Amino acid sequence: MKKITVMLAAMFVAVVVMVGMVPGTASAGPIKLTYANFPPAPTFPCVQMERWKKEVEKRTNGKVLVQTFPGGTLLGAKNMMDGIVAGQADIGCLCMAYQPGRFMITNATSLPLGIPNSLVGSLVLWDIYKKYQPKAFSKVKVLTMFTTAPSNIMSKIPIRTLEDIKGVNLRASGGAAQILKAWGANPVGMPMPSTPEALEKGVVKGLFSSLEVMKDFKFAELCKYVTMTDAVVYPFAVVMNLSRWNSLPRDVQQIFDELGTQQAAWTGVYMDNHVRKSMSWSKRKQGVKVIRLSKAEKARWNKLLEPIVNNWIASAESKGVPGKALVRDIKAFMRMYEGK
Ligand code: DTR
């Protein structure tokens, strides 16, 4: 009798342990997910990450807990995608523009096509991803995508004309670098987290990016001039390890899926508002001067960008990427979200 009781007890313990190991079962406790990000905590990619975490924890009633790792503590700007595929973190946020060849389809949104703001950019990018389902993401689950606001030149010296920008070292990455090159600048490529040191050391005289960084990285303390170009956005993606995704219960997957478009829109609105706040702080507290190109000067700058889109289409088509259709779709989605 005693033997049977011991055996039954042992079986009971084994069952409890086994059930505890199955992901998503009631007795498994909360599902814990790690989320890696490359820039510092106060910057917009991390702000959107904290918002996603909060929403997920709320909508799953605490069934999912997300532990966030800003500042490149778990994965950095360039090993984010591979790190997520390898399972070094469950979720990761990456700037696709830092790897132009790898994410050719989604990076088409960083062509100079006149995307007016981050909200429109983010919704257009997300639609392009959903329509084309690029192979570059076949090893991960994509949770959302978004873009920055358009890029402008922040510099230590005033840049008013093409003559002023000629040969100036300015930091940019991916598609944005070729825009600077077309204008005659000397683009220096590096991910955003390396930029503060490059500016301080004088390796670059400025940068080409969305303007929320004037406040978030305190670039306004060094760059006293902003030349408004309103050109090109940088696309971002949030990706999840595929087997981790497959291990999630259906109701949790559904919540993550519902959040895809909402998170893209939330980030767009946050970014557009934050750019405005950053610039009013830069002007009021840091004495930053905003330079607006005259109409004639702007026409000269725009003319230099004209070949970029056609050259990109030709090179994409030669690699089997439907460049023409992509550009047509980006423009159509853009008109739709601009309400035209
Ligand atoms: N413009 C891109 C991406 C970018 C814009 N703001 C931030 C903040 C933190 C990291 C990246 C970005 C860039 O210049 O890298």
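The preceding data block contains the structure.
Remember, predicted model here, so these are calculated numbers, not experimental data. (Residues numbered from 1 in each chain as written. Predicted model: local features only at pLDDT ≥ 70, side-chain atom pairs only at ≥ 80, totals over all residues. Heavy atoms only, no water.)

Turning our attention to the site of the ligand. Not every one of the 16 residues close to the ligand is listed here, only the nearest: Tyr98, Arg171, Ser209, Glu212 and Tyr234. Between the ligand and serine 209, the relevant distance is 2.8 Å, taken from a nitrogen atom to a side-chain nitrogen or oxygen of the residue. A distance of 2.6 Å separates a nitrogen atom of the ligand from a polar atom in the side chain of glutamate 212. For the ligand, whose free accessible area comes to 350 Å², the fraction covered by protein is 100%. (Near = heavy atom within 4 Å. Polar contact = N/O pair within 3.5 Å; in protein donor to acceptor, adjacent residues only side chain to side chain. Areas by Shrake-Rupley, 256 points an atom, 1.4 Å probe, with all protein chains shown as cover.)

Within the structure shown, the criterion is met by one cavity of 30 Å³ or more. What the largest cavity holds in volume is close to 150 Å³. Lining the largest cavity are 17 residues, with Phe44, Tyr98, Met192, Glu212 and Phe236 sitting closest to its centre. Tallied by class, residues from the lining of the largest cavity come to eleven nonpolar, four polar and two charged. (1 Å grid on protein atoms, 1.4 Å probe; cavity = no way out; pocket = protein on both sides within 12 Å on 5 of 7 lines; lining within 4 Å. Points joined across faces, edges and corners; volume = space filled by probe spheres on them. Nonpolar A, V, L, I, M, F, W, Y, C, P; charged D, E, K, R; others polar.)

What follows is about the packing of helix 5 (residues 118–132) against helix 11 (residues 250–286). Relative to each other, helix 5 and helix 11 sit at 155 degrees, their axes nearing to 7 Å. Overall, the two elements helix 5 and helix 11 adopt an arrangement that is roughly antiparallel. Read as a crossing pair, helix 5 and helix 11 show a hand that is right-handed. Contacts between helix 5 and helix 11 involve Ser118, Leu119, Ser122, Leu123, Trp126 and Lys130 on the former and, on the latter, Gly260, Thr261, Ala264, Ala265, Thr267, Gly268, Val269, Met271 and Asp272. The class makeup of the residues in the contact of helix 5 with helix 11 is seven nonpolar, six polar and two charged. (Axes fitted to C-alpha atoms, helices over the stretch in contact; angles between N-to-C directions. Helix = DSSP H or I, 4+ residues; strand = E, 2+ residues; numbered from the N terminus. Parallel < 35°, antiparallel > 145°, perpendicular 65-115°, else oblique. Left-handed = near helix turned anticlockwise from the far one by under 90°. Contact = heavy atoms within 4.5 Å.)

The subject of this paragraph is the environment of arginine 292. Note on placement: arginine 292 falls in strand 11 (residues 289–292). Separated by 63 residues in the primary sequence, arginine 292 and threonine 229 have C-alpha atoms spaced 8.0 Å apart.

Let us look at the sheet that holds strand 9 (residues 225–231). Reading across the sheet, the six strands line up as 7-6-8-5-9-11 and stay open at both edges, with mixed pairing between neighbours. At either margin of the open sheet sits one strand with a lone partner, and together these are strand 7 (186–188) and strand 11. Taking each pair of neighbouring strands and ignoring which way they run, the sheet shows an average axis angle of 30 degrees. Summarising the sheet, strand 5 (residues 151–155) and strand 9 pair through four bridges and their orientation is antiparallel. Across the sheet, the residue bridging to serine 155 is tyrosine 225, located in strand 9. (Pairing = 2+ DSSP bridges.)

If you walk through the whole model with that rule in mind, you get zero disulfides. Free of any disulfide, cysteine 93 has its nearest cysteine sulfur in cysteine 46, 7.2 Å distant. Sulfur of cysteine 95: no disulfide; nearest cysteine sulfur belongs to cysteine 93 and is 8.4 Å away. Looking at cysteine 95, the relative accessible area reads 0%, which means it is buried. (Disulfide = S-S within 2.5 Å. Buried < 20%, exposed > 50% of the residue type's maximum accessible area, 1.4 Å probe, protein only.)

Moving on to the layout of surface pockets. Considering only enclosed or pocket space, the largest pocket measures out at about 300 Å³ in volume. Around the largest pocket sit 15 residues that line it, and Leu211, Met228, Asp230, Val275 and Arg276 are the ones nearest its centre. Mapped onto the lining of the largest pocket, the elements with two or more residues apiece are strand 9, helix 11 and strand 11. A total of five residues in the lining of the largest pocket trace back to one element, the largest contributor, which is helix 11. Here the lining of the largest pocket is built from residues that sort into eight nonpolar, two polar and five charged.

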